[in-house]
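# Residue-level structure breakdown
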Amino acid sequence: MSGDASVAPGRPVIRRARTADVRGIRALIAPLAERRVLVSKEAVTYFESLHEFRVAELDDRIVGCGALHVMWEDLAEIRTLAVAPELLGSGLGGRLLEELVQDAREIGVQRLFCLTFEIEFFTRHGFEAIEGQAVPMDVYAELLRSYDEGVAEFLDLERVKPNTLGNTRMLRTL
């Protein structure tokens with residue numbers, strides 16, 4: 001996998017994101033944000049977190065993306081996983097997810113969290129719906145210090161309730 005450039009013609013190449021990809025990532029996310037499937041973010045947020053992203057490129061166009069955001073020593077969140085409408089059902093989302101899983105393993109993360117409407121997709125990839133907190137109280141107390149809205153959603157804090165999209169909290173142990 002790992003963004004192998006020797007893929008068959010017509011098959012998206014998965015690679016680490018570059019600054020020039022931010023426009024394409026935002027274009028891919030925009031219709032999903034309008035439908036409240038994903039959270040809309042400012043361009044600066046994508047640049048600040050660019051190192052977390054992998055993209056799928058086909059014919060010089062970003063057709064998929066996903067990010068791995070480390071939250072704690074053993075925990076990271078899968079964020080902004082999206083595929084162009086014409087490639088839904090092609091396996092591209094699963095390929096992107098598995099690249100992010102591999103990234104998580106390489107840096108020592110043992111658990112992956114996501115907030116999603118795509119419960120069946122994530123279940124097929126080893127995630128399970130969770131209730132309550134996925135971290136011990138001492139870690140919860142440390143995470144409360146984060147300014148990241150995604151961490152606040154993970155902690156299920158009241159202050160983000162108006163911003164949450166009503167999606168399911170899921171976890172996968174690696």
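Predicted model only: the values in this text are computed from it and were never measured. (Residues numbered from 1 in each chain as written. Predicted model: local features only at pLDDT ≥ 70, side-chain atom pairs only at ≥ 80, totals over all residues. Heavy atoms only, no water.)

## Comments concerning the packing of aromatic side chains
The cut-off we apply is this: Here the aromatic set is Phe, Tyr and Trp, taking the six-membered ring for Trp, and pairing holds for ring centres within 6.5 Å; pairs whose planes are under 30 degrees apart are stacked, those over 60 apart are edge-to-face, and all others are tilted. Burial classes follow relative accessibility: with a 1.4 Å probe on protein chains only, a residue under 20% of its type's maximum area counts as buried, one over 50% as exposed, and anything between as partly exposed.
With the rule as written, the count across this model stands at 3 aromatic pairs. Here the aromatic rings of F121 and F122 are separated by 5.0 Å at their centres, their planes lie at 90 degrees, and the arrangement is edge-to-face. With respect to burial, F121 and F122 carry one shared label: buried. Pairwise contacts between aromatic rings join F121, F122 and F127 into one cluster.

## As for the nonpolar core
We apply this condition: Within this scheme, the nonpolar core is defined by two criteria: the residues are buried Ala, Val, Leu, Ile, Met, Phe, Trp, Tyr or Cys, and they are joined through side-chain atoms within 4.5 Å. Whether two residues are in contact is decided by their heavy atoms: any pair within 4.5 Å suffices.
Within the largest apolar cluster, 40 residues are counted, with the highest numbers of intra-cluster contacts made by I25, I78, L112 and F122. Beyond its immediate sequence surroundings of up to four residues, F122 is in contact with I78, L81, L97, C114, T116, F127 and M170. Listed in part, the 6 residues of the second largest apolar core include M71, F113, L115 and I130.

## Considerations on helix α1 (residues 22-34)
This is how it is decided: Strands are runs of DSSP state E lasting at least two residues, helices are runs of H or I lasting at least four, and both sets are numbered from the N terminus onward. Given the number of residues in a helix, its expected span is that number minus one, multiplied by 1.5 Å. Think of it this way: the bend at a residue is just the angle between two axes, each fitted to seven residues, one set ending at that residue and the other starting at it.
In this model α1 runs 18 Å from its N-terminal to its C-terminal C-alpha over 13 residues, within 8% of the 18 Å that 1.5 Å per residue would give. The sharpest bend along α1 measures roughly 30 degrees and falls at L28, with the proline P31 sitting one to four residues further on. Its buried side turned inward, α1 meets α2 (43-48), β2 (53-58), β3 (61-72) and β4 (75-83). Among the residues trailing α1, R36 stands out with phi positive, at a value near 60 degrees.

## Description of helix α3 (residues 92-107)
Taking 1.5 Å per residue, 16 residues should reach 22 Å; α3 reaches 23 Å between its end C-alpha atoms and fits that length. Listed in full, the buried residues belonging to α3 are L92, G93, G94, R95, L96, L97, E99, L100, V101, D103 and A104. Where α3 ends, the next residue or the one after it, G108, has phi of about 95 degrees, a positive value.

## So, the side chain of T80
Put simply, the rule reads: Nitrogen and oxygen atoms within 3.5 Å of one another constitute a polar contact, given that in protein one can donate a hydrogen and the other can accept it, and given that sequence-neighbouring residues count only through two side-chain atoms.
Along the chain, the position of T80 falls in strand β4. At a separation of 3.3 Å, a polar atom in the side chain of T80 contacts the side chain of K41. Leaving out residues up to four positions away in the same chain, T80 has contacts with I29, L38, K41, Y46, F53, C65 and G66.

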